[in-house]
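Residue-level listing of the chains:
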Amino acid sequence: MSIVQNKKASHDYFIEERFEAGLALKGWEVKAIRAGGVQIKEAYVVLKNAEMFLIGCHISPLTAASTHVQADPTRTRKLLLHAEEIRKLIGKVERAGYTLVPLDLHYTRGRVKLEIGLAKGKKQHDKREAEKEKDWKREQQRLLRQTT
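About the thresholds
- Residues numbered from 1 in each chain as written.
- Predicted model: local features only at pLDDT ≥ 70, side-chain atom pairs only at ≥ 80, totals over all residues.
- Heavy atoms only, no water.
- Helix = DSSP H or I, 4+ residues; strand = E, 2+ residues; numbered from the N terminus.
- Buried < 20%, exposed > 50% of the residue type's maximum accessible area, 1.4 Å probe, protein only.
- Areas by Shrake-Rupley, 256 points an atom, 1.4 Å probe, with all protein chains shown as cover.
- Lys, Arg positive; Asp, Glu negative; His and termini not counted.
- Charge placed at Lys NZ, Arg CZ, Asp CG, Glu CD.
- Polar contact = N/O pair within 3.5 Å; in protein donor to acceptor, adjacent residues only side chain to side chain.
- Contact = heavy atoms within 4.5 Å.
- Pairing = 2+ DSSP bridges.
- Axes fitted to C-alpha atoms, helices over the stretch in contact; angles between N-to-C directions.
- Phe/Tyr/Trp six-rings, centres within 6.5 Å; stacked < 30°, edge-to-face > 60°.
- Lys NZ or Arg CZ within 6 Å of the ring centre and 35° of its normal.
- Salt bridge = Lys/Arg side-chain N within 4 Å of Asp/Glu carboxyl O.

A. Spatial organisation of the overall build of the protein. Summing up its helical and strand segments, the protein has four helices and nine strands in all. Mapped in sequence order, the helices and strands of the protein form the string β-α-β-α-β-β-β-β-β-α-β-β-α. Along the three orthogonal principal directions, the C-alpha set of the protein runs to about 60 × 40 × 30 Å. Here the protein holds 148 residues, and the buried ones make up 33% of them. When the accessible surface of the protein is totalled, it reaches about 9800 Å², and 49% of it is carbon and sulfur. Counting 29 positive and 19 negative side-chain charges, the protein places the centres of these two groups 3 Å from one another.

B. Spatial organisation of the side chain of R75. Among the structural elements, R75 can be located in the loop between β6 (58–59) and β7 (77–80). In this structure the side chain of R75 is engaged in a polar contact, spanning 3.3 Å, whose partner is the backbone oxygen of A24. When neighbours within four sequence positions are excluded, R75 is seen to be in contact with A24, L25, K26, E29 and L54.

C. Looking closely at the sheet that holds strand β1 (residues 2–5). Overall, antiparallel pairing links the seven strands, which are arranged β1-β8-β9-β2-β7-β5-β4 in an open sheet. Unpaired on one side and paired on the other, β1 and β4 (44–48) mark the two borders of the sheet. The sheet shows a mean angle of 40 degrees between the axes of neighbouring strands, taken without regard to direction. In this sheet, β7 lies alongside strand β5 (residues 51–55) in antiparallel orientation, the contact comprising three bridges. Considered in β7, the bridge of M52 is made with L79. Contacting β1, β7, β8 (99–108) and β9 (111–121), helix α2 (residues 27–34) crosses the sheet at an angle of about 80 degrees to β8.

D. Spotlight on the pairing of β7. Residue alternation in β7 divides its side chains into a buried set, R77 and L79, and an unburied set, K78 and L80. Direction of pairing for strand β2 (residues 13–23) relative to β7: antiparallel, over a ladder of two bridges. Looking at the pairing, G22 lines up with L80 of β7.

E. Representation of the packing of aromatic side chains within the structure. For the structure shown, the criterion picks out zero aromatic pairs. The ring of F53 carries K48 above its face, with NZ or CZ at 6.0 Å from the centroid. Lying across the ring of Y98, K120 places its NZ or CZ 4.5 Å from the centre.

F. Structural view of the pattern of salt bridges. Under the definition given, this model contains eight salt bridges. For the salt bridge of E17 with K92, the shortest nitrogen-to-oxygen distance reads 3.3 Å. You can see E17 sitting in strand β2 and its partner K92 sitting in helix α3 (residues 83–96), a full 75 residues away along the chain. Given a relative accessible area of 23%, E17 falls into the partly exposed group. On the basis of relative accessible area, K92 is assigned to the partly exposed category, the value being 29%. Of the charged contacts in the structure, one is a salt bridge between K78 and E51, with a shortest N-O distance of 3.0 Å. With K78 in strand β7 and E51 in strand β5, the pair connects residues that are 27 residues apart, well separated along the chain. Residues joined in a network through salt bridges with shared partners are E17, K88 and K92.

Function cannot be inferred from these measures alone, as they are strictly geometric.
Right under this line is the structure:
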């Protein structure tokens, strides 16, 4: 079940591969995510010392949360993946010029997971071409509906 999607990612990048990663979250963050107070549009993934971190993800703290908790909405959160997957991603990002982009925050068996994509950036003409293709498919669907 999807919580929030990064629709901007498919517009700005060609997504080559997708990986599902766990997130190291605090209790108030899980409660805020369940309440829907999360945004990943401006977020990105970085690699440091063979570990992966999510930066720029904004989780709005709940007003009803405990008063003794100091909530930092944009703190850096560690991503949890298998070592083999991390090694594979490190190789692709460093050698081939790929980028890691958060795509979707969702629940899997009651746990909050982040889908990240191994992506290459689109040029401006690629974005225009994709927009034309999308418009043409929409037009085809409209024409099909009119004829039936």
